[in-house]
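Residue strings, one per chain:
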Amino acid sequence: MKKYTILICLLFLLTCFHIPAEAGSKYDNLPAPQWVAHAMFVAMKQAERMYADVEDSARLPRSIQKGLVSPADWTSGFFPGLLWYLYEYTGDGVWQERAAYATGLLKQERFNAFDHDIGFKMYCSYGNGLRLTGNRQYEQIIFRSAKTLTSRYSYKTGLIMSWEPNEARDWQFPVIIDNMMNLELLMEAYKLSGDTTLNYIARQHADKTMKCQYRPDMSCPHVVDYDAETGAVRKFDWNNGSDDVTNSTWARGQSWGLYGYTMMYRETGDEDYLRHAEKIAEFLLNHPGLPQDLIPYWDYTGADRSTMRDASAAALMASALLELSTYSGQGKRYFAAAEKILQTLSAPEYLAEPGTHHNFILKHATGNYLRHSELDGALSYADYYYVESLMRYIKLLNHQELF
Ligand code: GLY
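Parameters at a glance
Residues numbered from 1 in each chain as written. Predicted model: local features only at pLDDT ≥ 70, side-chain atom pairs only at ≥ 80, totals over all residues. Heavy atoms only, no water. Buried < 20%, exposed > 50% of the residue type's maximum accessible area, 1.4 Å probe, protein only. Helix = DSSP H or I, 4+ residues; strand = E, 2+ residues; numbered from the N terminus. Pairing = 2+ DSSP bridges. Core = buried A, V, L, I, M, F, W, Y, C linked by side-chain atoms within 4.5 Å. Contact = heavy atoms within 4.5 Å. 1 Å grid on protein atoms, 1.4 Å probe; cavity = no way out; pocket = protein on both sides within 12 Å on 5 of 7 lines; lining within 4 Å. Points joined across faces, edges and corners; volume = space filled by probe spheres on them. Nonpolar A, V, L, I, M, F, W, Y, C, P; charged D, E, K, R; others polar. Salt bridge = Lys/Arg side-chain N within 4 Å of Asp/Glu carboxyl O. Phe/Tyr/Trp six-rings, centres within 6.5 Å; stacked < 30°, edge-to-face > 60°. Axes fitted to C-alpha atoms, helices over the stretch in contact; angles between N-to-C directions. Near = heavy atom within 4 Å. Polar contact = N/O pair within 3.5 Å; in protein donor to acceptor, adjacent residues only side chain to side chain. Sits in = over half its atoms within 2 Å of the grid points.

## Re the pairing of strand E6 (residues 223–226)
Logical step 1: Side chains Val 223 and Asp 225 of E6 all project onto a buried face; the interleaved residues Val 224 and Tyr 226 project onto the opposite face, where all are buried too.
Logical step 2: Pairing of strand E5 (residues 173–176) with E6 involves 4 bridges; the strand directions are antiparallel. Paired with Phe 173 across the strands is Tyr 226, a residue of E6.
Logical step 3: As judged from the 4 bridges shared by E6 and strand E7 (residues 233–237), these two strands associate in the antiparallel manner. Considered in E7, the bridge of Tyr 226 is made with Val 233.

## Here we look at the nonpolar core
Logical step 1: Counting 115 residues, the largest nonpolar core has Leu 321, Leu 345, Tyr 385 and Tyr 386 as the members making the most contacts within it.
Logical step 2: Filtering out sequence-adjacent residues up to four positions away, Tyr 386 remains in contact with Ala 39, Ala 315, Leu 342, Leu 345, Ser 346, Leu 351, Ile 361 and Leu 362.
Logical step 3: Among the nonpolar cores identified, the runner-up in size contains 7 residues, and Leu 159, Phe 173, Val 224 and Tyr 226 belong to it.

## Remarks on the layout of surface pockets
Logical step 1: Its boundaries defined by the atoms lining it, the largest pocket holds a volume of some 410 Å³.
Logical step 2: Lining the largest pocket are 21 residues, with Arg 62, Trp 74, Trp 163, Asn 239 and Asn 240 sitting closest to its centre.
Logical step 3: The residue makeup of the lining of the largest pocket, split by class, is 5 nonpolar, 7 polar and 9 charged.

## A short note on the pattern of salt bridges
Pairing between side chains of opposite charge can happen when the charged atoms of each approach one another.
Logical step 1: This structure, assessed with the given rule, holds 28 salt bridges.
Logical step 2: Here Asp 225 and Arg 234 are joined by a salt bridge, their closest N and O atoms 2.4 Å apart.
Logical step 3: Assessed through its relative accessible area of 0%, Asp 225 is described here as buried.
Logical step 4: A relative accessible area of 33% means that Arg 234 is categorised as partly exposed.
Logical step 5: Each of Glu 184, Glu 188, Lys 191, Arg 266, Glu 267, Glu 323, Glu 388 and Arg 392 takes part in one network of salt bridges that share partners.

## Some remarks on the packing of aromatic side chains
Logical step 1: Following the criterion strictly, the structure yields 27 aromatic pairs and no others.
Logical step 2: A ring pair is formed by Phe 78 and Tyr 381, whose centres lie 5.6 Å apart and whose planes are at 50 degrees; its orientation type is tilted. Of this pair, Phe 78 sits in helix H3 (residues 78–90) while Tyr 381 sits in helix H13 (residues 380–397), placing them 303 residues apart in sequence. Comparing Phe 78 with Tyr 381, the two get one shared label, buried.

## Some points on the sheet that holds E7
Logical step 1: Pairing in this open sheet of 3 strands is antiparallel, and the strands run E5-E6-E7 from one edge to the other. For this open sheet the edge positions go to E5 and E7, each flanked by a neighbour on one side alone. For this sheet, the mean inter-axis angle between neighbouring strands, taken without regard to orientation, is 25 degrees.

## Brief notes about the site of the ligand
Logical step 1: Lining the immediate environment of the ligand, one finds Trp 74, Asp 178, Asn 240, Trp 250, Arg 252 and Trp 256.
Logical step 2: Within the side chain of Asp 178, one N or O atom sits 2.6 Å away from a nitrogen atom of the ligand.
Logical step 3: In the environment of the ligand, an oxygen atom lies 2.7 Å from a nitrogen or oxygen atom belonging to the side chain of Arg 252.
Logical step 4: Of the pockets mapped on this structure, the ligand occupies the largest pocket.

## Remarks on unusual backbone geometry
Logical step 1: The backbone of Met 218 sits at a positive phi, close to 85 degrees, despite the residue not being glycine.
Logical step 2: One can find Met 218 in the loop between helix H8 (196–212) and E6.
Logical step 3: On the accessibility criterion, Met 218 (11% relative accessible area) is buried.
Logical step 4: Phi at His 364 takes a positive value of approximately 60 degrees, unusual for a residue other than glycine.
Logical step 5: Within the element layout of this structure, His 364 appears in the loop between helix H12 (331–345) and H13.

Written out as structure tokens, the structure is:
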């Protein structure tokens with residue numbers, strides 16, 4: 001009897017820890033739980049169908065509500081980036097071809113200085129492409145894009161202006177927390193070129209944001225408006241999350257910050273960024289407004305917050321926590337929290353059935369609650385950071401370097 005029990009347990013463990021052949025993964029021989037293999041399988045099925053629409057239209061997926069958008073949209077880099085991760089996962093040249101095609105659609109964006117989002121667009125697409133292929137043309141495009149981003153930097157404020165001044169909103173020099181993510185493009189271009197201005201600008205922006213955008217409890221508003229001449233803070237404001245600007249703790253914004261400072265520690269080795277990222281992680285993981293399953297509502301504190309979750313904030317948080325777990329004394333806790341988030345997102349409540357959900361991967365992502373935009377649906381960046389964090393999770397389980 002005891003022998004049979006042991007045999008059954010062994011068979012069970014084998015099915016749990018082997019990625020099935022259907023995934024066709026170059027990680028095939030590496031141990032990973034079955035739910036990870038299934039999640040990647042779903043991601044591939046959905047992306048394959050989505051890619052057919054991208055190829056037909058030369059446009060990129062954003063959400064169910066907004067459909068396919070032009071390369072100028074802030075979200076255009078996420079689908080190409082997702083395709084690069086699938087190429088990394090499978091090692092299959094078909095995914096490489098798809099990723100290269102989708103990435104190529106964004107080439108003109110290297111000159112688009114309209115807002116700070118050039119970092120999202122060009123790093124997720126060309127940055128991943130360069131990492132996986134070493135394509136020298138991609139290097140030039142990344143450098144040119146980074147230079148375009150620096151055209152929005154002001155030596156008076158010590159910041160990159162995220163959006164244009166706006167009379168109706170009384171904004172002189174608006175900076176949003178999302179801008180932390182776009183510093184990755186500058187740091188990549190700095191490493192490629194040795195151009196120290198890129199490093200300087202990224203660090204100035206990160207330092208000032210750390211000092212001026214965070215409240216003592218480690219929450220931050222979405223927007224801070226600065227005096228364009230003196231660089232002094234004029235006011236805290238919102239465009240996403242709750243409109244109670246004294247307390248608003250927009251979920252995705254908190255995750256952008258966590259990811260941004262973790263990344264800046266990786267790129268600079270500056271311990272101040274590590275401490276800051278750890279404090280954000282502690283604040284979020286201990287927040288009474290964070291549900292037990294660790295998938296945040298669209299705002300941690302705002303009125304009505306408990307009406308809708310944001311899977312994009314969760315996926316981003318998981319990815320950031322996985323990286324932070326490799327630098328921090330609290331690494332085990334951060335890894336466990338990220339694992340829990342990924343397990344929740346990989347269950348049917350959040351993970352789409354192949355062939356449904358307009359070929360997006362994650363359900364229950366929230367674009368902008370108070371503006372009634374892209375509610376409780378799909379977002380290409382939720383999918384991108386979900387697949388990125390699954391890749392990070394597989395690598396860490398197998399003691400591989402993340403980068
Ligand atoms: N970067 C825009 C957003 O997170 O909604």
